[in-house]
Amino acid sequence: MADSRDACVVWFRRDLRLSDQPTLLAAADAAPRALALFVLDPRLLGPSGPARRTFLYGCLRELDAALGGKLLVVRGDPADVVPRIAKAVGAATVHIAADFGPYGRERDEVVEKSLAADGCELVRSGSPYAVAPGRVTKGDGGPFKVFTPFRRAWADHGWRAPAETGPRTVEWIDPADKDGGPRAVGIPDDEKVDAELPEPGEAAALRRWTEFLDGGVEDYGGTRDRPDKPGTSRMSVYLKYGCIHPRTILADLARQRSASAGTYRTEIAWREFYADVLHQRPDSARKNYDRAFDALPVASGKGAEERFAAWKEGRTGFPIVDAGMRQLREQAWMHNRVRMIVASFLVKDLHLPWWWGARYFMQLLVDGDLASNQHGWQWTAGSGTDASPYFRIFNPITQGERFDPDGDYVRRFVPELGGIPGKQVHQPWKLQDGIPDGYPEPIVDHKVEREEALARYERVKAARR
DNA sequence: ACATAGTTTCT
DNA sequence: GAAACTATG
């Protein structure tokens with residue numbers, strides 16, 4: 001329909017890399033020249049704080065440099081902005097590098113309709129998942145609700161090998177040459193971020209991945225649950241922004257034979273599972289996946305707000321919880337084991353709604369991803385897919401002693417406890433000399449609140465009948 | 001007597 | 001996952 005037009009638009013969205021980028025192949029097939037576009041959409045950024053935005057800007061800066069300074073960055077609603085740009089460059093097709101994945105499909109349709117009015121086609125050629133959400137289904141076509149069967153079907157489904165692409169597959173159009181479209185706003189300046197952020201961009205992602213593959217993956221099974229050790233891959237933030245694609249990771253893992261490589265692959269599968277769940281049930285980003293949990297009485301009012309503030313600021317009096325919450329502020333990141341511990345504490349000890357904690361995580365975590373974050377929380381709360389049973393209530397002391405056995409993690413992030421040697425640091429109220437100055441008493445009695453949580457859960461059971 | 005390894009129970 | 005319970009030496 002538009003063979004006379006020789007240009008297209010490559011709309012970078014969540015896949016901010018150039019290698020292994022099938023969108024570029026699709027674009028090169030469609031037209032010899034392409035305009036590289038990134039839309040700063042306030043809704044795409046979601047409830048992100050300065051850490052996430054600044055990391056994103058770093059990725060954009062690297063991409064722009066790799067494209068010879070030709071990345072067009074505009075602000076606005078894609079449904080309005082994208083068609084105007086497509087028209088300005090005379091594009092017959094707009095190629096999205098990675099669709100939204102689990103959410104925002106309706107919004108894509110709005111853009112699609114708007115483009116179609118100008119005879120321009122929207123082409124989705126990628127996904128930030130090995131298997132796009134919605135593709136792995138049960139025999140009857142229904143979605144999986146339990147992780148393990150999903151993982152098997154997901155592995156059986158398979159995915160293609162990384163694509164051989166480079167930045168020179170198309171000729172990039174200088175955005176200054178286009179007339180009539182929205183004006184470039186450029187990449188915003190970095191915001192003031194107190195946390196120390198990981199290095200943004202594709203090159204950093206590949207460096208980190210190589211480092212993990214060569215050094216850490218063999219120990220992954222043994223040390224991934226140890227917040228006091230650098231045992232995790234730290235790849236989450238790069239996956240979130242598409243600085244690396246999971247299929248690159250999976251292809252490298254397939255060359256390894258170790259059990260640890262299999263464990264790591266399972267973690268990738270969890271990411272894909274939760275994306276699939278959110279795709280099937282977009283409402284589960286805000287509401288209980290299991291609606292029987294709507295009957296769970298949650299704390300509210302002034303007392304709840306005060307407890308929530310203590311949790312956020314890392315002054316609950318439970319060292320492992322406080323260390324985690326302070327790591328979150330210092331690094332815009334928290335070790336996954338500790339995420340589970342602080343989440344369990346918020347839900348089961350403080351009886352606060354899981355979505356309070358989930359929203360706070362999304363604001364601060366540099367790797368915050370809606371699907372993984374919300375469903376990770378729902379897993380802990382017991383309201384999610386294949387969730388942990390509600391009676392699984394983490395004991396913050398036992399968890400601390402088991403996963404931070406020498407107390408190094410706590411001392412690193414809670415300086416008030418810096419002088420207490422060994423694992424005693426997990427129970428400062430038992431010290432002979434009393435709790436060190438400046439460190440709070442426990443704000444709740446875990447044993448009491450555990451019983452309270454179980455009692456509240458009876459309401460959920462009743463609601464199911 | 002008592003520590004502890006193993007088992008059951010809990011939506 | 002943790003607590004209560006049971007068996008064992």
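Since the model is a prediction, treat every value here as computed from it, not as a measurement. (Residues numbered from 1 in each chain as written. Chains lettered and ligands numbered in written order. Predicted model: local features only at pLDDT ≥ 70, side-chain atom pairs only at ≥ 80, totals over all residues. Heavy atoms only, no water.)

Draft legend 1. Region of interest: the packing of helix H13 (residues 319–331) against helix H15 (residues 354–364). Relative orientation of the contacting elements H13 and H15 amounts to 35 degrees, with a least axis distance of 9 Å. For the pair formed by H13 and H15, the contact residues are Met-325, Leu-328 and Arg-329 on the first element and Tyr-360, Phe-361 and Leu-364 on the second. Looking at side-chain class alone, the contact of H13 with H15 contains five nonpolar, no polar and one charged residues. (Axes fitted to C-alpha atoms, helices over the stretch in contact; angles between N-to-C directions. Helix = DSSP H or I, 4+ residues; strand = E, 2+ residues; numbered from the N terminus. Contact = heavy atoms within 4.5 Å. Nonpolar A, V, L, I, M, F, W, Y, C, P; charged D, E, K, R; others polar.)

Draft legend 2. Representation of the protein's contact with DNA strand C. The immediate surroundings of DNA strand C are formed by Phe-391, Arg-392, Ile-393, Phe-394, Asn-395, Gln-399, Arg-402 and Arg-450. The sugar-phosphate share of atoms of DNA strand C within 4 Å of the protein amounts to 83%. Take Asn-395: an N or O atom from its main chain is 3.0 Å from a phosphate oxygen of DNA strand C. A distance of 3.1 Å separates a phosphate oxygen of DNA strand C from a polar atom in the side chain of Arg-402. Residues belonging to the surface near DNA strand C are distributed by class as follows: three nonpolar, two polar and three charged. (Near = heavy atom within 4 Å. Polar contact = N/O pair within 3.5 Å; in protein donor to acceptor, adjacent residues only side chain to side chain.)

Draft legend 3. Local environment of the nonpolar core. If you look at the biggest cluster of nonpolar residues, it comprises 108 residues, and the most contacted ones within it are Phe-12 and Trp-311. Aside from chain neighbours lying at most four places away, what touches Phe-12 is Arg-17, Leu-18, Gln-21, Leu-24, Ala-36, Leu-37, Phe-38, Leu-63, Leu-67, Leu-71, Ala-97 and Trp-172. In terms of nonpolar packing, the next biggest core, distinct from the first, is built from 22 residues, Leu-35, Val-89, Ile-96 and Val-111 among them. (Core = buried A, V, L, I, M, F, W, Y, C linked by side-chain atoms within 4.5 Å. Buried < 20%, exposed > 50% of the residue type's maximum accessible area, 1.4 Å probe, protein only.)

Draft legend 4. Just the protein's contact with DNA strand B, in detail. With respect to spatial proximity, the complete set of residues near DNA strand B consists of Gly-382, Phe-391, Tyr-457, Glu-458 and Lys-461. A breakdown of the atoms of DNA strand B within 4 Å of the protein gives sugar and phosphate a share of 52%. Tyr-457 has a polar side-chain atom sitting 3.3 Å from a base nitrogen of DNA strand B. Here the surface near DNA strand B is built from residues that sort into two nonpolar, one polar and two charged.

Draft legend 5. How the structure looks around the packing of aromatic side chains. A complete count under the given rule lists 29 aromatic pairs for this structure. Each ring, one from Phe-55 and one from Tyr-238, has its centre 6.0 Å from the other, and the planes form 55 degrees; the classification is tilted. Of the two residues, Phe-55 is situated in helix H3 (residues 50–66) and Tyr-238 in helix H9 (residues 236–240); the sequence distance between them amounts to 183 residues. Since its relative accessible area comes to 1%, Phe-55 is described here as buried. Look at Tyr-238 and you get buried, because its relative accessible area is 4%. Ring geometry for Phe-144 and Phe-150: centres 6.1 Å apart, planes at 85 degrees, overall edge-to-face. (Phe/Tyr/Trp six-rings, centres within 6.5 Å; stacked < 30°, edge-to-face > 60°.)

Draft legend 6. Representation of the packing of H13 against helix H14 (residues 336–349) in the model. Two elements in contact, H13 and H14, have axes separated by 9 Å at closest approach and are oriented at 115 degrees. Classified by the angle their axes make, H13 and H14 are roughly perpendicular. With respect to the hand of their crossing, H13 and H14 are arranged in left-handed fashion. In this structure, H13 uses Ile-320, Val-321, Gly-324 and Met-325 to contact H14, whose residues at the interface are Val-338, Ile-341, Val-342 and Phe-345. By residue class, the composition of the contact of H13 with H14 is seven nonpolar, one polar and no charged. (Parallel < 35°, antiparallel > 145°, perpendicular 65-115°, else oblique. Left-handed = near helix turned anticlockwise from the far one by under 90°.)

Draft legend 7. Structural detail: the pattern of salt bridges. Scanning all chains against the criterion turns up 29 salt bridges. The shortest N-O distance in the salt bridge between Asp-108 and Arg-124 comes to 3.4 Å. Of the two residues, Asp-108 sits in helix H5 (residues 105–116) while Arg-124 sits in strand S5 (residues 121–124), which places them 16 residues apart along the sequence. Of the charged contacts, one joins Arg-411 and Asp-408 as a salt bridge, the two residues approaching to 2.8 Å between their closest N and O atoms. Here the residue Arg-411 and the residue Asp-408 both occupy positions in helix H18 (residues 408–413), the gap between them amounting to three residues, near one helical turn. Residue Arg-411 is classed as buried on the basis of its relative accessible area, which comes to 19%. You can call Asp-408 partly exposed: its relative accessible area is 34%. What you see here is one network of salt bridges that share partners, running through Arg-13, Asp-108, Glu-112 and Arg-124. (Salt bridge = Lys/Arg side-chain N within 4 Å of Asp/Glu carboxyl O.)

Draft legend 8. Examining H3 more closely. In this model, H3 (17 residues) spans 24 Å end to end at C-alpha, consistent with the 24 Å of a helix rising 1.5 Å per residue. Among the residues of H3, those classed as buried are Ala-51, Arg-52, Thr-54, Phe-55, Leu-56, Tyr-57, Gly-58, Cys-59, Leu-60, Leu-63 and Asp-64. (Expected span 1.5 Å × (residues − 1).)

Draft legend 9. Fine view of the environment of Ala-88. Among the secondary structure elements, Ala-88 is positioned in helix H4 (residues 78–89). Taking relative accessible area as the criterion, Ala-88 reaches 23% and is therefore assigned partly exposed. Residues Ala-88 and Asp-179 lie 91 residues apart in sequence; the distance between their C-alpha atoms is 5.8 Å. For Ala-88, the contacting residues outside a window of four places in its chain are Lys-178, Asp-179, Gly-180 and Gly-181.

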